[in-house]
Amino acid sequence: MASLVAVGALGFSPTLGGHASVVAQRNPIVQMKGSGFGTGVRDSDGMSEALPFLKRAPGLGPPGTLAGDIGFDPLQITDLVPIQWSREAELKHARVCMLAWAGWVAVDCGFRVPFAPEVTSLYAHDAAIEKGPFIGMLIPIALVEVLCGIPKCFQLLNDPDAAPGGDYKFDPLGFGGGRELEEKELANGRAAILGFSGTVTQAALTGNTFPYTYNGLADIIPPLQGDAPLPAICGSGLVNGCQ
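Residues numbered from 1 in each chain as written. Predicted model: local features only at pLDDT ≥ 70, side-chain atom pairs only at ≥ 80, totals over all residues. Heavy atoms only, no water.

### Examining the overall build of the protein chain
And then number 1: Each helix and strand counted, the protein chain has five helices and two strands in total.
And then number 2: Its helices and strands in sequence order give the protein chain the pattern α-β-β-α-α-α-α, from N to C terminus.
And then number 3: Relative to its 243 residues, the protein chain shows a buried fraction of 32%.
And then number 4: Sequence separation of 24 or more characterises 55% of the internal contacts of the protein chain that already satisfy a separation of 6 or more. (Helix = DSSP H or I, 4+ residues; strand = E, 2+ residues; numbered from the N terminus. Buried < 20%, exposed > 50% of the residue type's maximum accessible area, 1.4 Å probe, protein only. Contact = heavy atoms within 4.5 Å.)

Shown next, in the form of C-alpha cells:
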C-alpha cells in the first residue's frame, strides 16, 4: 500500500506549515522557483505547472508550500490520501531506493559483507532467506519502522504542528537542511525510484550483472575498431532487424 502511495506521490508537495516559500507575484502568473523541472507555477488560473492543460489538484494546497512542488497529481489522489502521508511515503521510498541502487550495484561489482551468500543481487534475497543472514537485517529494520516510522505517520495525521513528512531531525553531519537540499534529495530520490526499478528489470531480462546489458560494456561503449557488433537486442532472441 505504501508503495502505491509513493508512486502516486511522486510529484506532490505537502501543505505542512513552516516551509512556505516567498513568491514574487506578476499578474496574471505567479513566478516562483519550482523543483527544477519547470520555471514557475501557474496559480492565478489554477493550472498545474507539470501538466498545464490540467487543473491543479486542490489537495496539493498552495503552490510551492514545500520542496518538489510541480503540481503533479493528475488522478487527484490527494483528495483521498492525506498529503502529509504521501510525502512521508515518497521520501521513505526515495531514501530506500537510493541506498538500494548503490547496494545492488556494489554487490554485483564484487562487494560482500560477512556471512553474505556468494550470489548476484538478483538472487540475493532468496539466498539470504534460505541461508539465514536475512533475519539479521530484518530485525533492525523492523525495529526502526515500529519505533520511528509508524509513530511518525500517526503524528502527521493527528498533529497539525508536526514536522513535515520525512523530517526526523536526523542530521549527524550537520548539513543543516534548507530548501536547496530538500530539492536535491527529492530529485535524486525520485530518480532512484525509477532507476532501481529499471536496474532490477534489466538484471532479470538480461541475466547479467553490472551494467545489466546483454553484451556488457560493449553495449555502452562504442567499438574502437573493426565492425560494430550486432545490436544487443539480437541476443535476446528478438531477431527483428538482426542479420
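### Things to note about the nonpolar core
And then number 1: Of all hydrophobic cores here, the largest spans nine residues; its members are Ala 94, Cys 97, Trp 104, Val 105, Ala 192, Ile 193, Phe 196, Ala 203 and Tyr 212.
And then number 2: Put simply, the parts of the chain that give this core at least two residues each are α2 (83-108) and α5 (179-206).
And then number 3: Look past the residues within four positions of Phe 196 in its chain and what remains in contact with it is Cys 97, Ala 100, Trp 101 and Trp 104. (Core = buried A, V, L, I, M, F, W, Y, C linked by side-chain atoms within 4.5 Å.)

### Here we look at the packing of aromatic side chains
And then number 1: Overall, the coordinates contain two aromatic pairs when judged by the stated rule.
And then number 2: Judged by centre distance (5.7 Å) and plane angle (85°), the ring pair of Trp 104 and Phe 196 falls under edge-to-face. Here the residue Trp 104 occupies a position in helix α2, and Phe 196 occupies one in helix α5, the gap between them amounting to 92 residues.
And then number 3: Judged by relative accessible area, which is 13%, Trp 104 ranks as buried. (Phe/Tyr/Trp six-rings, centres within 6.5 Å; stacked < 30°, edge-to-face > 60°.)

### Points about the environment of Arg 112
And then number 1: Along the chain, the position of Arg 112 falls in the loop between α2 and α3 (121-131).
And then number 2: Beyond its immediate chain neighbours, meaning those up to four positions away, Arg 112 contacts Val 107, Pro 117, Glu 118 and Val 119.
And then number 3: From its side chain, Arg 112 meets the backbone oxygen of Val 107 in a polar contact 2.7 Å long.
And then number 4: For Arg 112, the side chain forms a polar contact with the main-chain oxygen of Val 119, separated by 3.1 Å. (Polar contact = N/O pair within 3.5 Å; in protein donor to acceptor, adjacent residues only side chain to side chain.)

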